[in-house]
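Structural description and commentary
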Amino acid sequence: MFQKLDKSSGNIVGVKLTGKLTDEDFENFVPEIENIIASEGKIRLLMLMDYPQEFELKAALDDLVFWAKHLRDIERLAIVGQKDWEKWIALLEKPFVGTEVKYYNASRLQDAWSWLRS
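To start, this report covers the structure provided alongside it. (Residues numbered from 1 in each chain as written. Predicted model: local features only at pLDDT ≥ 70, side-chain atom pairs only at ≥ 80, totals over all residues. Heavy atoms only, no water.)

1. Overview of the pattern of salt bridges
Operational definition: Any carboxyl oxygen of Asp or Glu within 4 Å of a side-chain nitrogen of Lys or Arg constitutes a salt bridge here. Helix and strand definitions here come from DSSP, where helices need a minimum of 4 consecutive H or I residues and strands a minimum of 2 consecutive E residues; each element is numbered from the N-terminal end.
Inspection of the entire model under this criterion finds eight salt bridges. Between Asp50 and Lys16 there is a salt bridge, and its shortest N-O distance comes to 3.4 Å. Linking Asp50 in strand E3 (residues 43–55) with Lys16 in strand E2 (residues 12–21), this pair joins segments that are 34 residues apart in sequence. One salt-bridge network, held together by shared partners, links Asp23, Lys58 and Asp62.

2. A word on helix H2 (residues 57–70)
Under the convention used in this document: The span one expects for a helix is its residue count, reduced by one, times 1.5 Å. With a 1.4 Å probe rolled over the protein chains alone, any residue whose accessible area is under 20% of its type maximum counts as buried; one over 50% counts as exposed, and the rest are partly exposed. What the arc covers is the set of directions going from the helix axis to the C-beta atoms.
With 14 residues, H2 extends 20 Å from end C-alpha to end C-alpha; this agrees with the ideal 20 Å at 1.5 Å per step. Along H2, the positions that sit buried rather than exposed are Ala59, Asp62, Phe66, Trp67 and His70. The arc that holds every buried residue of H2, seen down its axis, measures 130°, which confines them to one face. Turned more than 90 degrees away from the buried face of H2, the exposed residues are Leu57, Leu64 and Ala68.

3. Here we look at the nonpolar core
Convention followed: Nine residue types can take part in a nonpolar core, namely buried Ala, Val, Leu, Ile, Met, Phe, Trp, Tyr and Cys, and a core is a set of them joined through side-chain atoms within 4.5 Å. Whether two residues are in contact is decided by their heavy atoms, any of which lying within 4.5 Å being enough.
Ranked by internal contacts, the top residues of the largest apolar core, which has 23 residues, are Leu45 and Leu77. Mapped onto this core, the elements with two or more residues apiece are E2, helix H1 (23–40), E3, H2, strand E4 (74–81) and strand E5 (100–105). Top contributing element to this core by residue count: H1, with six residues. Among all residues touching Leu45, those that are not within four sequence positions of it are Val13, Val15, Trp67, Ile74, Arg76, Leu77, Ala78 and Leu116. Counting 11 residues, the second largest nonpolar core, distinct from the first, contains Leu5, Leu48, Ala112 and Trp113.

Note that all results are geometric; they support no functional claim without further evidence.
In structure tokens form, the structure reads like this:
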């Protein structure tokens, strides 16, 4: 499930990912993000990874389509998580995404918000 975080404002968008992500989750989430992009231009996105997290097969495809369509609309991406492998994913993505990407441990959530706002 996607949950927009209360600290989101303007072009700064925080999203908590938790539980099992479904096609319906993407159908609800993507239009909201697209509306923000349409009104604000490029966004700065915080993804707070909460567990357990799974993807339905269709949701995994929805995820790929979202990133392919909107990667250039994301100016900065802060990934906030609890697992070492998430840090490696963030590092591996950097050369390919064409945007600034930083990983923060969940204990540094406020630092992630500060970086997006700077």
